[in-house]
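Topology and contacts: notes
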Amino acid sequence: EAPFPRTELIKDNWIVEGHQGMGEPGVEISSNHEQGVQILNCDGLNNLTPITIEGNTKRLEIENCKHIRVVVEAVLFGICVINCQDVLIVAGGELPDVEVKSCNAVAFLVCHKLVDGKFSVKDSGGIMISTVDRGENPVMLPEHILAANNLVSAEVPAYFVTTSAGKVWTSQVTAHPSLEHQ
């Protein structure tokens, strides 16, 4: 195994691991549609260290990271974010299924016309999705999204409460789990 920090291609998977407090330009890799990218244990130390992925990547996994900004040209089959805090993900191209688990303050900047999958959030809070209209652009690259001034943002609800009234079940968004018992 390579010593930390490391950025290396192992078989069909890029590993970006252990980077701490890097400023600009951060970490840059070139991926292709047959390669996945795993970003592990990186901490920008309150600086939103940039990690840039050029090209189409098969899958993006981000785990145990803090204070990073991931800019990815396109993800083909899914994004998974686990146990992260203060992470910004800017995704150009189509956005497939996204899974967020045990995270706090994770934001996504995407083009709403290119969101193609489901968004799943579990045991997380402060998850934001900001979208931009691509207008007449046939392709939406991350730099177009970052330069946009027409962003629309929404926070993903952290909790749902499902109740029963006779044979009717209803679900309601709540801001805090303590509201379950009201």
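Please refer to the structure placed before this passage.
This report concerns the structure included in the present document.

What counts, and where the lines are drawn
Chains are numbered independently. Their residues run from 1 in the order of the written sequence. Side-chain atom pairs in this predicted model are given and counted only at pLDDT of 80 or more, local residue features only at pLDDT of at least 70, and totals for whole chains, interfaces and linings cover all residues. Note that the side-chain values use all heavy atoms of the structure and ignore hydrogens as well as water. Helix numbers and strand numbers start at the N terminus; a helix is a DSSP run of H or I with at least 4 residues, a strand a run of E with at least 2. Only protein chains enter the area calculation, which uses a 1.4 Å probe; residues under 20% of their type maximum are buried, those over 50% are exposed, and those in between are partly exposed. Residues count as neighbours in contact if any of their non-hydrogen atoms are within 4.5 Å of one another. Only the protein chains shown count as cover for residues, and all accessible areas are computed by the Shrake-Rupley method using a 1.4 Å probe. Any two of the Phe, Tyr and Trp rings considered here, Trp counted by its six-membered ring, make a pair once their centres fall within 6.5 Å; the pair's planes then place it as stacked at under 30 degrees, edge-to-face at over 60, or tilted in between. Residues enter a nonpolar core if they are buried and are Ala, Val, Leu, Ile, Met, Phe, Trp, Tyr or Cys, with the set joined through side-chain atoms within 4.5 Å. Strands were regarded as paired on the criterion that DSSP finds at least two bridges between them. Interaxial angle, 0 to 180 degrees, is taken between N-to-C directions of lines fitted to C-alpha atoms, where a helix line uses only the stretch in contact.

**Comments concerning the overall build of the chain**
Broken down by element type, the chain carries one helix and 16 strands. Residue burial in the chain is summarised as follows: out of 182 residues, 38% are buried. Contacts spanning at least 24 positions in sequence make up 24% of the contacts within the chain whose residues lie at least 6 apart. When the accessible surface of the chain is totalled, it reaches about 10,000 Å², and 50% of it is carbon and sulfur.

**Points about the packing of aromatic side chains**
This structure, assessed with the given rule, holds one aromatic pair. Considering the side-chain rings of Phe108 and Phe119, the 5.0 Å spacing of their centres and the 85° angle between planes classify their relative orientation as edge-to-face. Taken as a pair, Phe108 in strand β11 (residues 104-111) and Phe119 in strand β12 (residues 119-122) lie far apart in primary sequence, eleven residues in all. On the basis of relative accessible area, Phe108 is assigned to the buried category, the value being 1%. By relative accessible area, Phe119 is classed as partly exposed at 27%.

**Focus: the nonpolar core**
Counting residues in hydrophobic clusters, the biggest one holds 31 residues, and the most contacted among them are Ile39, Leu60, Ile62, Ile68, Val70, Val81 and Phe108. With six residues, the next largest nonpolar core counts Val71, Leu88, Val132 and Ile145 among its residues.

**Comments concerning the sheet that holds strand β10 (residues 98-101)**
Across the sheet, which stays open at both edges, the seven strands sit in the order β1-β2-β4-β6-β8-β10-β12 with mixed pairing between neighbours. Of all the strands in the sheet, the pair left with one neighbour each is β1 (6-10) and β12. Here the strands of the sheet are splayed against their neighbours by 10° on average, with no regard to which way each runs. The sheet contact formed by strand β8 (residues 79-82) and β10 spans four bridges and is parallel. Counterpart to Ile82 in the pairing with β10 is Lys101.

**Re unusual backbone geometry**
With a phi angle near 55°, Lys11 is a residue other than glycine that sits in the positive phi range. Relative to the elements of secondary structure, Lys11 occurs in the loop between β1 and β2 (13-17). In this structure, Asn41 takes a positive phi of about 50° despite not being glycine.

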